[in-house]
Each structure stands twice: as structure tokens, then as C-alpha cells.
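Notes for the structure review
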Protein chains: 2
Amino acid sequence: MAEKSPSSRSPDAPRPTIYDVATRAGVSKSLVSLVLRGSSNVSAERRTAVETAIAELGYRPSQAAAALAGNRTGTIGVIIDDYRNLWFVDFLHGMQEVLAERGIRVAVADRSFNSHVDASPLEGFLAMRVDGIVVASEPSDEMGRGIGVPAVLAGNRLQQIPGADIATSDDRFGGGLAANHLLGLGHRKIGHVTGGGGSARERCEGFREALRNAGVVPVIVGDGGTSEQDGFRFTRQLLLTHPGITAVFAANDSMAMGAAAAIKDAGLQVPRDVSLIGYDNSPLASSNLLRLTTVDAVNGEVGRRAAKALLARFDGGQQDTVINLVEPQLVVRGSTAEARE
Amino acid sequence: MAEKSPSSRSPDAPRPTIYDVATRAGVSKSLVSLVLRGSSNVSAERRTAVETAIAELGYRPSQAAAALAGNRTGTIGVIIDDYRNLWFVDFLHGMQEVLAERGIRVAVADRSFNSHVDASPLEGFLAMRVDGIVVASEPSDEMGRGIGVPAVLAGNRLQQIPGADIATSDDRFGGGLAANHLLGLGHRKIGHVTGGGGSARERCEGFREALRNAGVVPVIVGDGGTSEQDGFRFTRQLLLTHPGITAVFAANDSMAMGAAAAIKDAGLQVPRDVSLIGYDNSPLASSNLLRLTTVDAVNGEVGRRAAKALLARFDGGQQDTVINLVEPQLVVRGSTAEARE
DNA sequence: GTGAAAGCGCTAACAC
DNA sequence: GTGTTAGCGCTTTCAC
């Protein structure tokens, strides 16, 4: 009998099941299940027999069947705002780092994701029976009454979700970091281009407060938008109405890029005439074109904390919700300099 | 008896099943199943009864059970290279547009996704029993022998996957577009900063060919990298070794951003001294800082084609693989100008 | 139109 | 240690 390689299995042959593996290995199906789930109560011999059979058959356990029988999917759902907001990338890696030990999968959905099928990403995940949810976006109204499964809210602490833990970078602290950096360079006439979300508000608050302690009142502009275009528009306005400004803090790196354009268009130079500081430490910030001083939210750590909080709920079910605050870090590059005169 | 709102269901009460819905609506479970799947063979009366019961109970069908019983998940998996390569965003939207009519879900995974649990994103999707796969990245070795389910390869046509259709933007044509634009502006001394992947190679080929037809031979640099840093590094080198160059074509907008930095550092101006053209029409290109002339791959349309190809395989199972080529479009902004002298 | 019944491929008690 | 036995919550013939 010819050895059949897994990939040579004819396309419409039924997939091998745990039954087939058991037969081929000469054991029972529950023994196969045990091997699959890494039980220690299996003799080495039989274990290898099973593993060989699995390999020969090209067997892949059905997640659907496992989820149905086991009453858990081993997957947690992450709801993000927009794929273009890249902060979730580091966040996700942080999560995976700690989820690795438990073999838990992650599924990601943005707001418009599968909107043609599910009422919302949350609905989609709940139908999927995820074991937990991470809301890495502004919470939606439907979350107001809580989520039926363990949940943590990430990247935001202005809003709340009943019963959900929180893991976030301390944006308020980060705003202070930016302020103190500019202050330390001697700046006194300072503008801030802010955005709409909870993070932007926190950053703004922290920034204002730190400046206030030094007796400085910044000029603040913005109408909610957080794009490069918004940064451009408002910085231009800022420069027009307050020509004496020597430093600008943008609520994120994209807006800082827009600010850089406005500064350039005004015939000024960064950092000679105007110091510029962003937030996020995105690839934009490290680009050679901007070499932007910025604040790093350390999102990998935020992801680690979020995952740990979720695992704690899986295990223990502690009652009171905990707030994990991660301390951001200033990253100094070439876009800030001492104030002149 | 008090009306129980769905969300007031106590956290560890068992989820309502199709059984509970049937009982409450006074029908059989198969009738509920029919309503769920939108069958027309149900009287309006009973349909409303079922719908009411569903709403009252806060019932959500279990995808796991449906997948197991129905032998299909109604989900297709999309494998991308890296979340930071944003071309997949428009691509995904295009896919969803056509998948909407069929109520099919999409799941996304990047290369490192769940790497702690699955051997590869492909493995993960196969274990999940997706109904189809879209490979929106360079195919990996494991795909060399084909994928067990309907598949389409997107964004690439240099490599192949046995049995998989192809949907991609015509990168070669796009390269020609860039070349002809520069040629039309009178440029003759032209540099090209290229990258490693299949797309970059195609763009390069199309670019070279169009220039050759005009008797122009470009200076080509690059070593595989495609980041802003790579664009910076190689453009600097280009400018050093070939000071007479009046135009640069970068294989993507990120590299073009790096190129812009190098040009600026060399004391030159875009577009006065050097015209610059990118590829992708990313947010970078439309930024006020770059105002970059670029080539739009029209990825939304590529996504639509990919989804259609997959649906065709679901339905018909045509045998020969088809190649869908979408024609890119030139987007002229402020970074290109007539050659001087 | 509607209901009954037989699984889908697993996991988890439990008995051996 | 290993095998047996029930289901998990659906879809889907097939009768009625």
C-alpha cells in the first residue's frame, strides 16, 4: 500500500476525523483527544503512535467541534477602531506574548468589519463564542450594559464598561512629559493641536496641567479630527493667529506631520524657528523626513497588561475591576530645540 | 412574571439555545433554524413569534454548532503580510462589498498572527475550517502544493499557488504609468529606488520597459528593503553617484518619503530640482508635507475581483485558474514638475 | 408548512 | 493508563 502524503488527499475526500486517527493508531478516540490536549496520562508509545497517525493522515482538529464540546473557543476577540491606527500592532504583539503560554488565540476586528453580516464586531465575537473581549477602541453604546464575557477596555480610561478591567497608557502623564520637555528647552509660547478621542483629551489635560505649574498657558486648537489634514489646518491657523509661538505639541504623530507641513508653508523651519513634538512614536516619527521628538505609549506593555487582566478573570474571577496604567516614555529626536532669544 | 431584558440575564446562566427559542415561540427547533436562515417557507405569524422569542431571550446562534452541523463556516480567511502595509485595508473593503450579498464573513491574520498557537496563519484558518482562503501576501512554501480549499492569490502574480486564482493590480502597467509621466515632463536622467517583493519587481520591469522605448536607461538602486529608511539610504546614494538625476521613482510611498528626506538633505528641492513619484496612493502621498504624485493600485477593485473569484469557485468549481488584472491609475500631485534646462 | 430524528467531530465524565 | 458514554447546539433529510 502506497504511503499517502497528507497533501495528496483528494480534494473532496472527507477530512480525517479523530476517529480515523484512533483507528489508524489502534487506540480509542478519547486517547487521541488526550494527546491533542497534551495530557500527561498517556504512555510515550501510544503518544507516538497517535502523532504518527496524525501526521500521516494530515489530520487537523476541528475547532468548531472542539468549541462546541468543550464550551470554550480558546480565542479572545480584539475590537479595534481602524486598521489605519497602527497602535494596535504593538498592543497585539504584547497580548500574544502573554497569551502564548496558554495557547489562546486572538481574533481582530475593526469597526466596519463584517458589518454586512454582524450588527457590530462585538455581536460577531459573541456569536463566535469568544472566551473574552478586548475593546481597543472607544466603547460603543451597546457596551454600556456590560459584555457577557470577561472583558478589558484598552487605550482609554475616560469611558468605562461595567465589569471590564482597564489597561491603558497613562496619556495624562504623557502629556506632562511633552510639556516638561518643551519647558526644559525654554519655550513659553506654546501651541497644542488636539483631537477628539479620550486619549487626546487626556494628553491635552496632562499637557495643560504641567504648563500651568510653570505659569504657562498654551494656545489650544482642534475640532475633533486627528488626521494629518487636521494637524495641517489647525497649525496653519495657530501660526496665523499667534505668530509668536515657538513650540507645537500635536496629539499624535500624524497630526504632527501635518503641523510640520504648515510650519514649512509658513516659511519657518523645524526646529530652528518652531519646535515640534508628536505622540505615539509611530514609523512616521522615526522617518528621516521628520525625525520627530515624540512620546511612546509603550503599547506592547499595555497589551501584556490587558492579556494578563483577562487571564486573571478567566482563572479567578476577582470582583472589582482593576485599572492598569502604563507609564509612557519621551523619545527625543531632532524636531525640538532650545527656544531662541 | 417580570420581562427579562437580554442583558439582564445573569452572567453564568446557560446561554439560550435554539431549543429555548422554540419552546418560547411554541414551535419546533427546526422551524427556528429555518427562520434564522431566512427560509421563505415559514408563515408570517410563526416567523414573528420566533423573532420575538429571539429578541426576548437575547438569543445568539452558536457559530460553532452551525459550522459543525452545516459543514461550512461562512467565513473566508485573508492572510496578509503585515498590518503596517495598509494596502489590505481598501482591499478588504472591496471584498466585503461583494461578500455582503452572500452573508459571508471575513477573518484576517498577518504572518505573525497567533504564531504561538498555529504553525502558520494558513494552518490556523484550515483548523478553523474556513470556506476559502485569500492569500494577500507573498505565498509561503507550505502553499506550494496547493491549499485544500478554494483559494485566490492577491496582489502578486509572479509566484503561483496550484489551483488558486489570481487577483492583482497590474504593477507592470503601473510602472509604465510612472515612466511615461516623467518622460512627458521631459525627464531623461532618472533614478529608481526599488524593493524586494514581487510587486516591486513588476513595477521596476514596467518602468524600465517604458523608459527603454524612449531610449532612456534609469539608474536602479535597492537591496530588497522597502521601508522609509531604505528609500532614504538608496536615494542618498543615488544622488551622490549620479548628481545629474532630475527625477526619482520610488517603489512605494514609504520609500518615496525616505527619498524626499534624502533630496532635502542634499540641499535640493522637490519638485524644483528633483521630481519624485511614489506608488500606492497611501495617506502619506496625500499628506500636505509630501503632496506626492503616485500610482494608485485601485485595491478596492482588486478586493472585489478576489471575492468574486472565490464565490465563483464556491458555486461552479471552474477548473482553470483565472488571472484578474486591475489597471492602476496615476495620481498627479505636486511632487513632479517639468525637467529644467 | 411543520416536526422528528439523525448526526457533525469533538470533550469530559466516568467506569474499567 | 485506557476505553465508554453522553452530549455540546445546531443543520438537514425525511415524513407528515
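Computed from a predicted model, the values in this text were never measured in an experiment. (Residues numbered from 1 in each chain as written. Chains lettered and ligands numbered in written order. Predicted model: local features only at pLDDT ≥ 70, side-chain atom pairs only at ≥ 80, totals over all residues. Heavy atoms only, no water.)

1. Brief notes about the nonpolar core
For soluble globular proteins, nonpolar side chains are generally found buried alongside one another. Judged by nonpolar contacts, the single largest core of 87 residues is most densely connected at Tyr83(A), Ile133(A), Ile147(A), Tyr83(B), Ile133(B) and Ile147(B). Beyond its immediate sequence surroundings of up to four residues, Ile147(A) is in contact with Leu122(A), Leu126(A), Ile133(A), Val135(A) and Ile161(A). Within the second largest apolar cluster, 53 residues are counted, among which are Val248(A), Ala250(B), Ala262(B) and Leu290(B). (Core = buried A, V, L, I, M, F, W, Y, C linked by side-chain atoms within 4.5 Å. Buried < 20%, exposed > 50% of the residue type's maximum accessible area, 1.4 Å probe, protein only. Contact = heavy atoms within 4.5 Å.)

2. Description of the UniProt feature "domain: HTH lacI-type" (unreviewed entry) in chain A
Mapped onto this numbering, the UniProt entry gives "domain: HTH lacI-type" (unreviewed entry) at residues 16–70 of chain A. Secondary structure within residues 16–70 of chain A divides into 69% helix and 0% strand; the distance between the first and last C-alpha atoms comes to 20 Å. (UniProt positions renumbered as here; feature names shortened; annotations may be inferred. Helix = DSSP H or I, 4+ residues; strand = E, 2+ residues; numbered from the N terminus.)

3. Section: the interface of chain A and chain B
If you look at the interface, chain A gives 58 residues, while chain B gives 58 residues. Interface area, chain A with chain B, both sides summed: about 5100 Å², of which 55% is carbon and sulfur. Sorting the residues of chain A by area buried against chain B places Arg60(A), Arg129(A) and Leu289(A) first, and these three jointly supply 14% of that buried surface. On inspection of chain A and its partner chain B, the count reaches 6 salt bridges. Ionic pairing is found between Glu123(B) and Arg60(A), a salt bridge with its closest N-O pair at 2.6 Å. Scanning the region where chain A abuts chain B turns up 24 residue pairs in polar contact (both at pLDDT 80 or more). Counting only elements with at least two residues in the side of chain A that touches chain B, the list comes to helix H4 (63–70), helix H5 (87–99), strand S2 (105–109), helix H6 (121–128), helix H9 (228–241), helix H10 (253–265) and helix H11 (283–286) of chain A. Element by element, the count of residues in the side of chain A that touches chain B is highest for H5(A), at 7 residues. Across the side of chain A that touches chain B, the residue classes tally to 29 nonpolar, 16 polar and 13 charged. (Buried area = accessible area lost by both parts, 1.4 Å probe. Salt bridge = Lys/Arg side-chain N within 4 Å of Asp/Glu carboxyl O. Polar contact = N/O pair within 3.5 Å; in protein donor to acceptor, adjacent residues only side chain to side chain. Nonpolar A, V, L, I, M, F, W, Y, C, P; charged D, E, K, R; others polar.)

4. A short note on the protein's contact with DNA strand C
What surrounds DNA strand C is a group of 22 residues, the closest being Ile18(A), Ser33(A), Tyr59(A), Arg46(B) and Ala69(B). Within 4 Å of the protein, atoms of DNA strand C come from sugar and phosphate in 75% of cases. Between Ile18(A) and DNA strand C, the recorded distance is 2.8 Å, taken from a backbone N or O atom to a phosphate oxygen. When residues of the surface near DNA strand C are traced back to their parent elements, those giving at least two are helix H2 (29–36) and H4 of chain A together with helix H2 (29–36) and helix H4 (63–70) of chain B. Among the elements that make up the surface near DNA strand C, the one with the highest residue count is H4(A) (4 residues). Grouping the constituent residues of the surface near DNA strand C by class yields 11 nonpolar, 9 polar and 2 charged. (Near = heavy atom within 4 Å.)

5. What about the packing of H4(A) against H4(B)?
Between H4(A) and H4(B), the least distance of the axes is 8 Å, while the angle of their chain directions is 130 degrees. Classified by the angle their axes make, H4(A) and H4(B) are oblique. Crossing handedness for the pair H4(A) and H4(B): left-handed. Residue-level inspection shows Ala64(A), Ala65(A), Ala67(A) and Leu68(A) of H4(A) in contact with H4(B), the latter providing Ala64(B), Ala65(B), Ala67(B) and Leu68(B). Within the contact of H4(A) with H4(B), the residues separate by chemical class into 8 nonpolar, no polar and no charged. (Axes fitted to C-alpha atoms, helices over the stretch in contact; angles between N-to-C directions. Parallel < 35°, antiparallel > 145°, perpendicular 65-115°, else oblique. Left-handed = near helix turned anticlockwise from the far one by under 90°.)

6. Here's the deal with the pairing of strand S8 (residues 247–250) of chain B
All names here are of chain B. Taking every second residue as pointing to the same face, both faces of S8 are buried, with Ala247 and Phe249 on one and Val248 and Ala250 on the other. As paired strands, strand S6 (residues 190–193) and S8 are joined by 4 bridges and run parallel to one another. From the neighbouring strand, histidine 192 faces S8, where its bridge partner is phenylalanine 249. Note that S8 and strand S9 (residues 275–277) share 3 bridges and pair parallel. By the bridge assignment, alanine 247 is partnered in S9 with serine 275. Handedness of the crossover joining S8 and S9 through helix H10 (residues 253–265): right-handed. (Pairing = 2+ DSSP bridges. Right-handed = clockwise from strand over helix to strand, strands pointing away.)

7. Brief notes about unusual backbone geometry
Residue Pro271(A) follows Val270(A) across a cis peptide bond; omega there is 0 degrees. Non-glycine residue Asn71(B) carries a positive phi angle of around 65 degrees. Structurally, Asn71(B) is set in the loop between H4 and strand S1 (75–80).

8. Quick word on the side chain of Thr168(A)
Residues and elements named next belong to chain A. Topologically, threonine 168 is positioned in strand S5 (residues 165–169). Of the residues examined, threonine 168 reaches a relative accessible area of 1% and is grouped as buried. Only 3.2 Å separates the side chain of threonine 168 from the backbone nitrogen of asparagine 156, close enough to count as a polar contact.

9. Focus on the domain arrangement of chain A
Residues and elements named next belong to chain A. Domain annotation for chain A reports domain 1 (6–68), domain 2 (75–169 + 299–326) and domain 3 (171–296). Each of domain 2 and domain 3 has a C-alpha centre, and these two points are 30 Å apart. With 8 residues of domain 2 at the interface, the matching set in domain 3 holds 8 residues. Counting each side, the surface lost to burial between domain 2 and domain 3 is near 610 Å², with a carbon and sulfur contribution of 37%. One salt bridge in this structure joins glutamate 202 and arginine 157, with 3.2 Å as the shortest N-O distance. Summed over the shared surface of domain 2 and domain 3, the result is 4 residue pairs in polar contact (both at pLDDT 80 or more). (Domains from an automatic or database assignment.)

10. Looking at the sheet that holds strand S4 (residues 151–154) of chain B
Residues and elements named next belong to chain B. Pairing is parallel in the open sheet, where 6 strands are placed in the order S2-S1-S3-S4-S5-S11. At either end of the open sheet lies a strand with only one pairing partner, and these are strand S2 (105–109) and strand S11 (323–326). The mean inter-strand angle of the sheet, taken between neighbouring strand axes irrespective of direction, is 20 degrees. Across the face of the sheet, helix H6 (residues 121–128) comes into contact with S1, S2 and strand S3 (132–136) while running at roughly 175 degrees to S1.

11. What to know about the relation of the copies chain A and chain B
Of the two same-sequence chains, chain A is brought onto chain B (RMSD 0.1 Å, axial shift 0.0 Å) by a rotation of 180 degrees. Viewed as a symmetry operation, the transformation between the two copies matches a two-fold axis. Minimal C-alpha distance to the rotation axis in chain A is attained by Ala64(A), lying at 2.2 Å. An overlap of 100% is found between the interface residues of chain A and their copies at the interface of chain B, pointing to a shared contact surface. (Least-squares fit on C-alpha atoms with pLDDT ≥ 70 in both.)

12. What about the environment of Gly198(A)?
Residue and element names in this part refer to chain A. By the secondary structure assignment, glycine 198 is in helix H8 (residues 198–213). Sequence separation of glycine 198 and serine 137 is 61 residues, and the distance between their C-alpha atoms is 9.8 Å. Once residues within four sequence positions are removed from consideration, glycine 198 is found in contact with Glu138, Asn156 and Leu158.

13. Some thoughts on the protein's contact with DNA strand D
Lining the immediate surroundings of DNA strand D are 22 residues, of which Ser30(A), Arg46(A), Ile18(B), Ser33(B) and Tyr59(B) lie closest. Ser30(A) is positioned such that a nitrogen or oxygen atom in its side chain is 2.9 Å from a base oxygen of DNA strand D. Take Ala69(A): an N or O atom from its main chain is 3.1 Å from a base oxygen of DNA strand D. Contributing elements (two or more residues each) for the surface near DNA strand D: H2 and H4 of chain A together with H2 and H4 of chain B. When the residues that make up the surface near DNA strand D are grouped by side-chain class, the tally is 11 nonpolar, 9 polar and 2 charged.

14. A short note on the packing of aromatic side chains
Counted by the stated rule, this structure contains 13 aromatic pairs over all chains. Geometrically, the ring pair formed by Tyr83(A) and Phe113(A) is edge-to-face, given 6.4 Å between the ring centres and 75 degrees between the ring planes. Residue Tyr83(A) is located in the loop between strand S1 (75–80) and H5, and its partner Phe113(A) is located in the loop between S2 and H6; the two are separated by 30 residues in the primary sequence. The exposure classification of Tyr83(A) matches that of Phe113(A), with both residues buried. Put simply, the rings of Tyr83(A), Phe88(A), Phe113(A), Tyr83(B), Phe88(B) and Phe113(B) touch in pairs and so form one group of aromatic residues. Positioned above the aromatic ring of Tyr279(A), the side-chain terminus of Arg203(A) is 3.7 Å from the ring centre. (Phe/Tyr/Trp six-rings, centres within 6.5 Å; stacked < 30°, edge-to-face > 60°. Lys NZ or Arg CZ within 6 Å of the ring centre and 35° of its normal.)

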